[in-house]
Structure formats: C-alpha cells, structure tokens
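An overview of the molecular structure
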Amino acid sequence: MAGGNERCVRALKEVWKRPENSLCADCGKPDPDWASSTLGVFICLSCSGIHRNIPSISKVKSLKMDHWDDAQVQFLAKNGNAVTKATYEAHIPIYYYQPTYNDCQVLREQWIRAKYERKEFTEPGKQLPYSDGVKEGILWKRGRDNGQFLPRKFLLSEREGCLKYFTKQDAKEPKINVKIDVINATFQPEKIGNPNGLQITYLKDNKTRNIFVYHESGKEVVDWFNAIRSVQFHYLKVAFPIASDNEIKNRLTRNFLKEGYMEKTGPKQREAFKKRWFTLDHRRLMYFKDPLDAFAKGEVFVGSRENGYSVQKGLPSGTQGNFSWHYGITIVTPDREYLFTCETETDQLEWIKAFTSVINQAMTPQEYAIEAYFKFKS
C-alpha cells in the first residue's frame, strides 16, 4: 500500500477484508496478501509467483508493499474472489482435482493455467483433454531393476476399464494391464526427483505395486492424472449407481496420509531394527527397502479402535532388539504388536497423529474383508 492516498488505502483494506477474499482464490491458503489487478482475485505469495509467469493474463501486486490507484481498487471491489470464481470455475468437472496450498507446484500451476489461461471451466460441456474416456501417449517410466527412466507407451481406456503400458511402441500385448478400480495416483516430485513425478499405485493379488513416471510437460502429466480420475469416476458411477457424485469423488485418487523412514523389528522383537521407507495409505502401512521400490517388502493392516487396534508412544519395556533411533511407536493389533522407532520426536508425533486418525475411524465392510485377507495371509 506504499505511496497511496489515505482514501484509496482505506478502500483497498475494505475490499481485502471481505470474507470471500480471506482465502487465496487458487489454493485456499488463509490471509492472501497479493492480488491480480487484471483478474481481480486475492492470492497468496506462492500463487502470485505462478501468475507472474503468465503476464499476458495476470498482473500481480503486493497488497502491503505496492501502490494501488483508484481504478485498480475499484476493479478489485467490483470483482474479488467470489465474482471471479463464478466465471473461471463455473463448470469444473466433479472429478477434476482442485489442489490446495499443500500440493506440489505442477498441480497448482496447471490448475491456475487451466482456469485463467486456457479457460477450461468457463463453458458447460467443453471438450477437455482428459474427459473423453481414452488417453494414449508416452510417459517416462522408471525401470524396476536398473532404475533408469525410459519412454513407455501408456493407454487408458474407459471402455475397457483399465490402464496399460507397453515396453515397445509397436508392441501388441501390454506389459501390465491394470483395472481402473484398483489404481491410485499421487504426485511425488521429491521422491522421484522430477518436478512432474507421478506415482501410480495399484493392487495385484491384494498386494501393492508401484509405477513411477514423469513427463517433461507439466500440462501433460496433470492431464494424465485427471484422465485417470475421470475414468475412475465414470466406472464408479456404474458400479455404485445410488451413490452421490460427492461420495464417488471421495473414492478417487488420494494422497498418502504419511510417508518417511522408520526402523522396524521382526515379529519375535529380538531382531535388530532395520531402516525402512514406510507409506501409510489409509489402513495399509507398507514398508520398502527403498522409496522407489516397485514392491513392498511387507504390509500391516491398521484397523479401528473398536476392533482392538491402538497406537502407543514408546516401546514395551524390555525390548531387546538393537535400534539406533530412540523415539519409539507401538502399533497394537488383535494378533501382535508392531514396534517402530523414529529419528526425531517430530517424526514420532506426526506418525502417531496419522495412525490415530485411521484407528479412530470405523471400518467399512470392504475393510473388514481386507482385514480378513491379512489375517489369512499371516
């Protein structure tokens, strides 16, 4: 607001403190302190950096440090987040993933570009690159054995209800054919080491498998992500005809609750603790030798409190296994106790919070079936 006259500054403050402008228009982060003088939206610092990369569409200024003239303030007052969203977010498909401030850069950037630059959601029934039930193209896939990323042809088909990939462009038979209802997809730029890194997880024989891919184009990899969600949505609409759109939306792709390193010991609790990479995907706690392993070394089912599951801070007294990290966690199940250690107290408390959130939820009929499978397997 530097350099503005008092009347103009007061008017800007009045517009800024309207309830509809209290969250970033693009990612929902509280207390945005930037705005677009050409779009009329209030945004956070991080999203303002993305806007700055599309100067033909958006001119951004700081609400605290920059000068705003009368015409610009009047434009903000006339528009603001509510009015602008009514235009640029009028027809978002129910399955389209709308990122928050906790999501990675590529998701947020493509969401902003889709809204304002490509205007994908301003018209009803607009044909979108991820909405026609078929997507075919090249993704760079990490090799399971050598760790190299090589181009592979992928095919997503709503009619067949599956995702396939081929090791060669002209291959007739796919290397893998995965049913759409067992797929999850989540962006993992840090883990994969690429800003457009996508982890595709699926179940085979009730065991988790991972595929790690990326594309040089952020738009292309986000289109793949939303195409998977689109196909899943239409599949589930048929499979569960009485479910509401929002109920089905909540069953589409999901972020993992928690990931990171912990140490674990074996069932006898006398073995040395070994460092493993853990992923908590709702009730499945999976552990890997390496974060980019295709297969989990093991999985633990985390049930509900009413069914005898609990999480405790620390290890049982007299634990004999050698461990180098000293912040323990004990998962109690009806059959046994699982012992883990964390490197820091912060890690310990975050894992306990994640486990508690799962354990406090009642189990669904499908989850009872998964629990029965785990018990049979063990």
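Parameters and conventions
- Residues numbered from 1 in each chain as written.
- Predicted model: local features only at pLDDT ≥ 70, side-chain atom pairs only at ≥ 80, totals over all residues.
- Heavy atoms only, no water.
- Helix = DSSP H or I, 4+ residues; strand = E, 2+ residues; numbered from the N terminus.
- Buried < 20%, exposed > 50% of the residue type's maximum accessible area, 1.4 Å probe, protein only.
- Contact = heavy atoms within 4.5 Å.
- Lys, Arg positive; Asp, Glu negative; His and termini not counted.
- Charge placed at Lys NZ, Arg CZ, Asp CG, Glu CD.
- UniProt positions renumbered as here; feature names shortened; annotations may be inferred.
- Pairing = 2+ DSSP bridges.
- Salt bridge = Lys/Arg side-chain N within 4 Å of Asp/Glu carboxyl O.
- Polar contact = N/O pair within 3.5 Å; in protein donor to acceptor, adjacent residues only side chain to side chain.
- Core = buried A, V, L, I, M, F, W, Y, C linked by side-chain atoms within 4.5 Å.
- Domains from an automatic or database assignment.
- Buried area = accessible area lost by both parts, 1.4 Å probe.
- Nonpolar A, V, L, I, M, F, W, Y, C, P; charged D, E, K, R; others polar.
- Arc of directions from axis to C-beta.
- Phe/Tyr/Trp six-rings, centres within 6.5 Å; stacked < 30°, edge-to-face > 60°.
- Lys NZ or Arg CZ within 6 Å of the ring centre and 35° of its normal.

All right, on to the overall build of the protein then. Each helix and strand counted, the protein has 10 helices and 17 strands in total. Each of the three principal axes of the protein carries a C-alpha extent, and together these read 75 × 55 × 45 Å. Relative to its 378 residues, the protein shows a buried fraction of 49%. Long-range pairs, those at least 24 residues apart, make up 52% of the contacts in the protein between residues at least 6 apart in sequence. If you average the places of the 57 positive and of the 46 negative side-chain charges in the protein, the two averages end up 3 Å apart.

Before going further, it helps to spend a moment on the UniProt feature "domain: PH" (unreviewed entry) in the protein. Taking the numbering used here, the UniProt-annotated feature "domain: PH" (unreviewed entry) corresponds to residues 132-233 and 255-360. Annotated as residues 132-233, this span is 20% helix and 46% strand, and its ends, taken at the C-alpha atoms, are 12 Å apart. The span residues 255-360 is 14% helix and 38% strand, and its two end C-alpha atoms sit 19 Å from each other.

Let us look at the pairing of strand S16 (residues 327-332). The element S16 is largely enclosed, with a buried count of five among its six residues. Pairing between strand S15 (residues 310-313) and S16: four bridges, direction antiparallel. Along S16, the bridge assignment pairs Gln-312 with Thr-330. Bridging between S16 and strand S17 (residues 337-342) involves six bridges; their strand directions are antiparallel. Its bridge partner being in S17, Val-332 is matched across the sheet by Glu-337. Adjacent in sequence and paired antiparallel, S16 and S17 are bridged by four residues.

Let us look at the side chain of Arg-229. As for its placement among the helices and strands, Arg-229 is situated in helix H7 (residues 218-239). No salt bridge is formed by the buried Arg-229, whose closest oppositely charged neighbour, Asp-103, lies at an N-O distance of 9.4 Å. Separated by 2.6 Å, the side chain of Arg-229 and the backbone oxygen of Tyr-95 make a polar contact.

Within the largest apolar cluster, 54 residues are counted, with the highest numbers of intra-cluster contacts made by Ile-43, Phe-154, Leu-156, Ile-183, Phe-187 and Leu-198. Examining the composition of this core, we find that nine residues originate from one element, H7, more than from any other. Each of two domains, domain 1 (1-117) and domain 2 (134-250), supplies a minimum of three residues to this core. Not counting the four nearest positions on each side in its chain, Leu-198 is found in contact with Ala-185, Thr-186, Phe-187, Ile-192, Ile-211, Phe-212, Val-213, Val-221 and Phe-225. Formed by 23 residues, the second largest nonpolar core is a distinct cluster that contains Phe-301, Tyr-309, Cys-342 and Ala-354.

For the rest of this paragraph, the subject is the domain arrangement of the protein. Splitting the protein by domain gives domain 1 (1-117), domain 2 (134-250) and domain 3 (258-376). Relative to domain 2, the C-alpha centre of domain 1 lies at a distance of 33 Å. Taken together, the eight residues of domain 1 in the interface contact 17 residues of domain 2. In total, domain 1 and domain 2 occlude about 1100 Å² of area from one another, counting both sides; carbon and sulfur atoms represent 73% of this. When the area that domain 1 buries against domain 2 is broken down by residue, the three leading residues are Ile-94, Tyr-95 and Val-106, summing to 54%. Counting the contacts that link domain 1 with domain 2 gives zero salt bridges. Among the residues forming the side of domain 1 that touches domain 2, the class breakdown is seven nonpolar, one polar and no charged.

Note: α-helices contain 3.6 residues per turn, so residues at a spacing of three or four share the same orientation. Those residues of helix H4 (residues 80-88) that sit buried are Gly-80, Asn-81, Thr-84 and Tyr-88. Taken end-on, H4 shows its buried residues confined to a sector of 110°, consistent with a single buried face. The secondary structure elements touched by the buried residues of H4 are strand S2 (42-43), helix H3 (70-78) and helix H5 (105-117).

For the rest of this paragraph, the subject is the pairing of strand S4 (residues 134-142). Relative to strand S5 (residues 149-157), S4 is paired through nine bridges, and the arrangement is antiparallel. Counterpart to Arg-142 in the pairing with S5 is Phe-149. Where S4 hands over to S5, the hairpin turn is made up of six residues, of which Gly-147 adopts a positive phi near 75°. Bridge count between S4 and strand S10 (residues 207-214): two bridges; the pairing is antiparallel. Paired with Trp-140 across the two strands is Tyr-214, which belongs to S10.

Evaluation of the coordinates by the stated rule reveals 20 aromatic pairs. Seen from their ring centres, Phe-278 and Trp-351 are 6.5 Å apart, and the 80° between their planes marks the pair as edge-to-face. Residue Phe-278 is located in strand S12 (residues 274-281), and its partner Trp-351 is located in helix H9 (residues 345-359); the two are separated by 73 residues in the primary sequence. For the pair Phe-278 and Trp-351, one class covers both residues: buried. An aromatic cluster of at least three residues, connected via ring pairs, comprises Tyr-95, Tyr-96, Trp-111, Phe-121, Tyr-130 and Phe-233. It is Arg-251 that lies over the ring of Phe-240; its NZ or CZ is 4.4 Å from the centre. Positioned over the ring face of Tyr-338 is Arg-336, at 3.8 Å from the centre of the ring.

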